[in-house]
Amino acid sequence: MVLKAFFPTCCASAESGLLVGRWVPEQSSAVVLAVAHFPFIPIQVKELLAQVQQASQVGVAVLGTWCHRPQEPEENLGHFLEGLGAIFSHEPWLQLCREKGGKSWSCKATRRQGPAAPGVPCEDQVMLIFYDQRQVLLSQLHPPTVPPDHQAGDATAGAGGLAAVFDTVARSEALFCRDRFDEGPVRLSHWQSDGVEASILVELVKQASGPICLLVACLLSLVSAIGACRLWQLWPLPFLRSKLSTCEQLRHRLEHLMLVFSNQKAQSPAQLMRKANTLVSVLLDVALGVALLSWLHSSNRIGQLADALVPVADLFIGTLLFTMLVFLLPTTALYYLVFTLLRLLVVTVQGLIHLLVDLINSLPLYSLGLRLCRPYRLAAGVKLRILEPEAGRPLRVLMQINPLPYSRVVHTYRLPSCGCHPKHSWGSLCRKLFFGELIYPWRQKGDKQD
């Protein structure tokens, strides 16, 4: 039987001690989370594991021993480590050792009772898999996509073992909160053993986010109550609201703000990612609006635009008066042609603006930025690389995270659009041009389709 032992790379240089982690019997895997160093009192180690298990709901236990102290005699240390198996009983019992020089590793898993001969100890083969504990803790594993020529059961079974490893590390934050500066009775080595990562600015923002979100949520509820007043149902307000896309955009943004400033905690990483994407979308929309207004009001650009359109209007009026004196039909044709082109230009510009706004609203900008700057946060799977195989030694493998492709990031975290983009067909557009009907650059969901 081959056992898989997941060992964090941050503990490779740790001193000798106990291997603390979780045993996954369904996958025949041992996930090592930390190393408890000597000296210690066994009862205190058991109390610590009970506290971590109660806080994280993870079956944390002592899986075996870790030997990395070459200055001590190997025989004395070996006898001492073997005696710990009687105090912390676990099946199988791992014995992982890093020999002098750091290049040779030995790992074995012993069982007190073998399946063939009860009462006789036996040893299992072990495959040692190194993983980056920080990346696995912060990453989110996504279920794999099943190719057409494969069965869904194979992909699910293959991802089950990885999901157990990622879930074990993610839920064991209570164990990682203890560093070497704590005055506890047990010293641990893990990815935060040199000091818990923290930021004063982040902590201040966390403390202030609660009251701010509560205040903004109350203001948004008041605005929503005012918007639901029956006074807005009086004619012609409903007609104007249905034709103005600004009202639709404001309603959509109000929903976004209520989602962002909700005082309810996100129940899953997907909800947290949706909140972050919505917040970035709102901030980008506000930044673009402020930049546009500042550009229009700088150097009197609105007045320059009006001055540029006045000669065009004078030329058109002069041409229109001249043609009215000659023929009526060319006048009507010219009038219709010019204003149709102007209307199509306005419709095109408004359609592009609507498409841009819809793209900003629905594009998961936060997820894309996370994929660009920290690709390990969005994990599609892992890849294994064999490390210097040696005869008579356990197979050592390095586990690296495969990031999620950009296309799948957009498909997974894309936000729902407001649905106010153009939906005209070419036949409908030609018919409206021929009969002289007004062309709207949007189409509401409840309108009749051509």
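Every value quoted in this text rests on a predicted model; they were computed, and no experiment measured them.

(A) How the structure looks around the side chain of Ser172. Its place among the elements puts Ser172 in the loop between α4 (152-170) and α5 (173-176). On the basis of relative accessible area, Ser172 is assigned to the buried category, the value being 0%.

(B) Representation of the pattern of salt bridges in the model. Overall, the coordinates contain four salt bridges when judged by the stated rule. We note a salt bridge from Asp167 to Arg171, for which the minimum N-O separation is 2.9 Å. Residue classification places Asp167 among the partly exposed positions, given a relative accessible area of 31%. Residues Arg251 and Glu255 are paired through a salt bridge, measuring 2.7 Å at the closest nitrogen-oxygen approach. On the criterion of helical spacing, the pair formed by Arg251 and Glu255 is a turn pair, its members being four residues apart in helix α8 (residues 245-260).

(C) Up close: the pairing of strand β6 (residues 105-111). With respect to burial, β6 is a largely interior element, five of its seven residues being buried. Across six bridges, strand β5 (residues 93-98) lies against β6 in antiparallel orientation. Looking across to β6, one finds that Leu96 is bridged to Cys107. Looking at chain direction, β6 and strand β7 (residues 122-131) are connected through three bridges and run antiparallel. Residue pairing in the sheet places Arg111 in a bridge with Cys122 of β7.

(D) Quick peek at helix α13 (residues 406-413). Listed in full, the buried residues belonging to α13 are Arg408, Val409 and Tyr413. End-on, the buried residues of α13 take up no more than an arc of 105 degrees, which puts them together on one face. Projecting away from the buried face of α13 at angles above 90 degrees are the exposed residues Ser407 and His411. Structurally, α13 contributes buried residues whose contacts are with β8 (140-141), α9 (269-297), α12 (365-373) and β10 (378-386).

Calculation rules
- Residues numbered from 1 in each chain as written.
- Predicted model: local features only at pLDDT ≥ 70, side-chain atom pairs only at ≥ 80, totals over all residues.
- Heavy atoms only, no water.
- Helix = DSSP H or I, 4+ residues; strand = E, 2+ residues; numbered from the N terminus.
- Buried < 20%, exposed > 50% of the residue type's maximum accessible area, 1.4 Å probe, protein only.
- Salt bridge = Lys/Arg side-chain N within 4 Å of Asp/Glu carboxyl O.
- Pairing = 2+ DSSP bridges.
- Arc of directions from axis to C-beta.
- Contact = heavy atoms within 4.5 Å.

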